[in-house]
2 protein chains.
Amino acid sequence: MAGSPAGTSRLALNTATTKALTLEQALRVAADAGLTHVGLWRDRVEEVGLEAAVDLVRASGLAVSTLCRGGFLTAADPDGIAHALADNRKAIEQAAALGAPVLVLVVGGLPPGDTDLAAARGRVADRLADLVPVAREHGVQLALEPLHPMYVADRAVLSTLGQALDLAAPYAPSEVGVCVDTFHVFWDPQLPEQVARAGREQRVATYQVCDFNLPIAADALLSRGMMGDGVVDFAAVTRLVAATGYAGPVEVEIFNAEIWAAPAAQVVATMQERFAELVAPALEQPGSAAA
Amino acid sequence: MAGSPAGTSRLALNTATTKALTLEQALRVAADAGLTHVGLWRDRVEEVGLEAAVDLVRASGLAVSTLCRGGFLTAADPDGIAHALADNRKAIEQAAALGAPVLVLVVGGLPPGDTDLAAARGRVADRLADLVPVAREHGVQLALEPLHPMYVADRAVLSTLGQALDLAAPYAPSEVGVCVDTFHVFWDPQLPEQVARAGREQRVATYQVCDFNLPIAADALLSRGMMGDGVVDFAAVTRLVAATGYAGPVEVEIFNAEIWAAPAAQVVATMQERFAELVAPALEQPGSAAA
């Protein structure tokens, strides 16, 4: 354990950033870099099995900031709905077992051949109503993640923080919060007021950072970049989030073919440097400079 | 002149859809298909010169629905600002000469190396204030076009209809309106209220239709598709626009490498079929079925 470098005490590694690593390897890289939290994707958990994953996390000394991800709630057919509910119940149980306080939900896009966004959004609200009692029972907060509008049809019919907060409104903040991810929300002209609203409503469940690279990658899912490589104003977004009082871990979650191909320890070192330079100052946490 | 097929009386060809054609060829294809309006891109006008373009349009018997495009107003340096103003003054003069009632504005993205969206949006407002008197003098309405948020950094810091209407608010509707383009706005959860607001404020200057294709094209600019090939709900968006009372031409503007490579007459025929099937019924114009 090296201890966290100056300005990185709130930095967490999301395992999507080190996609080539097993859970065990990712935990080791994070611990060796002095991090205290990791965000886990379910693929890495499921490939070793939940029980082994819980043991690995415990042995690592790291805390789990979020489990990524549940969701895909837009099916209109009974089988699809049943499948979505079963999968999300499982994800909630996994989050509870791993000690992850938050399960991130990517709500899903349009069913094949369907173009009715309003109806799909309505089904997301229905499935959320089904899942909140399960999450409550397990002490896991569901975090609705608005995705960039370029994914509206294939990944998330939820595109803005305002929409996510409207969807969360019927529930207690401890039951349903929102995920603020710089890549997905930086463009939103209503960002200042909607982040402030999320703060007032105590719904900022997690803050994830990565850059928006240009040109958009040929596989549009992989346009996420290391902070500083793209067009996101991290100081501006981070100040908004800090002003809400959010004091939890800040995950770096990057889907990017070049970053996946690079040595993980080097990626994590770069992540720490860029975080300290671009994100940490705007978090304005006096304690964050202490290793 | 074939006369317009049933259900296509309000259909207009935007020359971006037939990018391989000269102005003269595009006008001929449109007239041969029985269309009454064309939307012109400035590249096709400038390659023959304004005077010749005016003559060609007059000879074609077609009316010009819009000139595309002015804008790119986000420069922060004096030279960039001067260049933008000169170019937009020229565009306004071209629109007036061509009899185009509307000049579409794509406002521009972030200057290189800059990430400050709020400041860039402020400069767009400043340049609009500079240009409105010129447009007024020439009797040309400026149409602010919100672009899909995936283009926020490189083409338009204006991403939503709500933002466009806020920016237009200081001016008379005859001076500044908005362009509603299905590709750019279909995802917006606030679309129903913002289109209705555009109607109340009498600012719908033009309605453009094309589909949003998935997967997003490797060159993200070229993901526009023929109606019916993607995920846009044309009935839903078109009903909103029709409810505003907008009664003008509906342009089809498609940037798509396959469509550009196909024979133009075939593209226009497909465009007419798809328009009649997917768009025209929702326009609910009883007269639109008459040739």
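Computed from a predicted structure; not experimentally measured.

Considerations on helix 3 (residues 50-60) of chain B
All names here are of chain B.
- Buried within helix 3 we find Ala53, Val54, Val57 and Ser60. Angularly, the buried residues of helix 3 cover 130 degrees about the axis, an arc narrow enough to put them on a single face. Opposite the buried face of helix 3, at more than 90 degrees from it, the exposed residues are Glu51, Arg58 and Ala59.
- Taken together, the buried residues of helix 3 touch helix 1 (23-32), strand 2 (37-41), helix 2 (42-46), strand 3 (63-71) and helix 4 (78-98).
- The positive-phi residue at the C-terminal boundary of helix 3 is Gly61, with phi of around 80 degrees.

Section: the sheet that holds strand 1 (residues 11-14) of chain A
All names here are of chain A.
- Read around the closed barrel, 8 strands run 1-2-3-4-5-6-7-10, paired in parallel fashion. Here the strands of the sheet are splayed against their neighbours by 30 degrees on average, with no regard to which way each runs.
- In this structure, strand 1 lies alongside strand 10 (residues 250-252), joined through 3 bridges in parallel fashion. In the strand pairing of strand 10, Leu11 is matched with Val250.
- Contacting strand 5 (141-144) and strand 6 (176-181), helix 6 (residues 161-168) runs over the sheet at an angle of about 170 degrees to strand 6.
- With respect to the sheet, helix 9 (residues 234-243) is in contact with strand 6 and strand 7 (204-209), its orientation differing from that of strand 7 by roughly 165 degrees.

Focus: the relation of the copies chain A and chain B
- Placing chain A over chain B gives an RMSD of 0.0 Å and needs a rotation angle of 180 degrees, together with 0.0 Å of translation along the axis. Here the transformation between the copies is reduced to the relation of a two-fold axis. Closest approach to the rotation axis among the C-alpha atoms of chain A is made by Ala218(A), whose C-alpha sits 2.0 Å away.
- A symmetric contact is evident, with 100% of the interface residues of chain A recurring at the interface of chain B.

Structural notes on the packing of aromatic side chains
Residue and element names in this part refer to chain A.
- Evaluated as defined, the whole model comprises 11 aromatic pairs over all chains.
- With 5.2 Å between their ring centres and 50 degrees between their planes, Phe186 and Phe212 make a pair best called tilted. Of this pair, Phe186 sits in the loop between helix 7 (182-185) and helix 8 (191-200) while Phe212 sits in strand 8 (residues 211-212), placing them 26 residues apart in sequence.
- On the basis of relative accessibility, which here comes to 1%, the residue Phe212 falls in the buried class.

Considerations on the interface of chain A and chain B
- Taken together, the contacts link 27 residues of chain A with 27 residues of chain B.
- Both sides of the chain A and chain B interface together cover about 2,100 Å² of buried area, and 69% of this is carbon and sulfur.
- When the area that chain A buries against chain B is broken down by residue, the three leading residues are Thr115(A), Trp187(A) and Pro189(A), summing to 23%.
- Counting the contacts that link chain A with chain B gives 0 salt bridges.
- For the interface between chain A and chain B, the tally reads 5 residue pairs in polar contact (both at pLDDT 80 or more).
- Tallied by class, the residues present in the side of chain A that touches chain B amount to 16 nonpolar, 7 polar and 4 charged.

A few points about the sheet that holds strand 5 (residues 141-144) of chain B
Residues and elements named next belong to chain B.
- Spatially, 8 strands are ordered 1-2-3-4-5-6-7-10 in a closed barrel, and the strand pairing comes out parallel. In this sheet, neighbouring strand axes are inclined to one another by 30 degrees on average, regardless of whether the strands run parallel or antiparallel.
- With 4 bridges joining them, strand 6 (residues 176-181) and strand 7 (residues 204-209) adopt parallel strand pairing. Opposite Asp181, over in strand 7, you have Gln208 as the bridge partner.
- Packed on one face of the sheet, helix 9 (residues 234-243) meets strand 6 and strand 7 and runs near 165 degrees to strand 7.

Focus on the UniProt feature "domain: Xylose isomerase-like TIM barrel" (unreviewed entry) in chain A
- Within this numbering scheme, the UniProt entry marks residues 27-266 of chain A as carrying the feature "domain: Xylose isomerase-like TIM barrel" (unreviewed entry).
- Across residues 27-266 of chain A, helical content stands at 45% and strand content at 18%; the span's end C-alpha atoms are separated by 15 Å.

Structural notes on the pattern of salt bridges
- On inspection of all chains with the given rule, the structure shows 30 salt bridges over all chains.
- Among the ionic pairs, Arg28(A) bridges to Glu24(A), the shortest N-O distance being 3.8 Å. Here Arg28(A) pairs with Glu24(A), and both are found in helix 1 (residues 23-32), just 4 residues apart, close to one helical turn.
- Classification of Arg28(A) by relative accessible area gives partly exposed; the value is 47%.
- For Glu24(A), a relative accessible area of 42% puts it in the partly exposed group.
- Arg274(B) is the partner of Asp229(B) in a salt bridge, and the nearest nitrogen-oxygen pair spans 2.9 Å. A residue pair is termed long-range when its members are at least 10 positions apart, and Asp229(B) in the loop between strand 9 (224-225) and helix 9 and Arg274(B) in helix 11 (residues 264-283) qualify at 45 residues.
- On the basis of relative accessible area, Asp229(B) is assigned to the partly exposed category, the value being 45%.
- Among the ionic contacts, a cluster of salt bridges with common partners joins Arg42(A), Glu46(A), Asp87(A) and Lys90(A).

Procedures and definitions
- Residues numbered from 1 in each chain as written.
- Chains lettered and ligands numbered in written order.
- Predicted model: local features only at pLDDT ≥ 70, side-chain atom pairs only at ≥ 80, totals over all residues.
- Heavy atoms only, no water.
- Buried < 20%, exposed > 50% of the residue type's maximum accessible area, 1.4 Å probe, protein only.
- Helix = DSSP H or I, 4+ residues; strand = E, 2+ residues; numbered from the N terminus.
- Arc of directions from axis to C-beta.
- Contact = heavy atoms within 4.5 Å.
- Pairing = 2+ DSSP bridges.
- Axes fitted to C-alpha atoms, helices over the stretch in contact; angles between N-to-C directions.
- Least-squares fit on C-alpha atoms with pLDDT ≥ 70 in both.
- Phe/Tyr/Trp six-rings, centres within 6.5 Å; stacked < 30°, edge-to-face > 60°.
- Buried area = accessible area lost by both parts, 1.4 Å probe.
- Salt bridge = Lys/Arg side-chain N within 4 Å of Asp/Glu carboxyl O.
- Polar contact = N/O pair within 3.5 Å; in protein donor to acceptor, adjacent residues only side chain to side chain.
- Nonpolar A, V, L, I, M, F, W, Y, C, P; charged D, E, K, R; others polar.
- UniProt positions renumbered as here; feature names shortened; annotations may be inferred.

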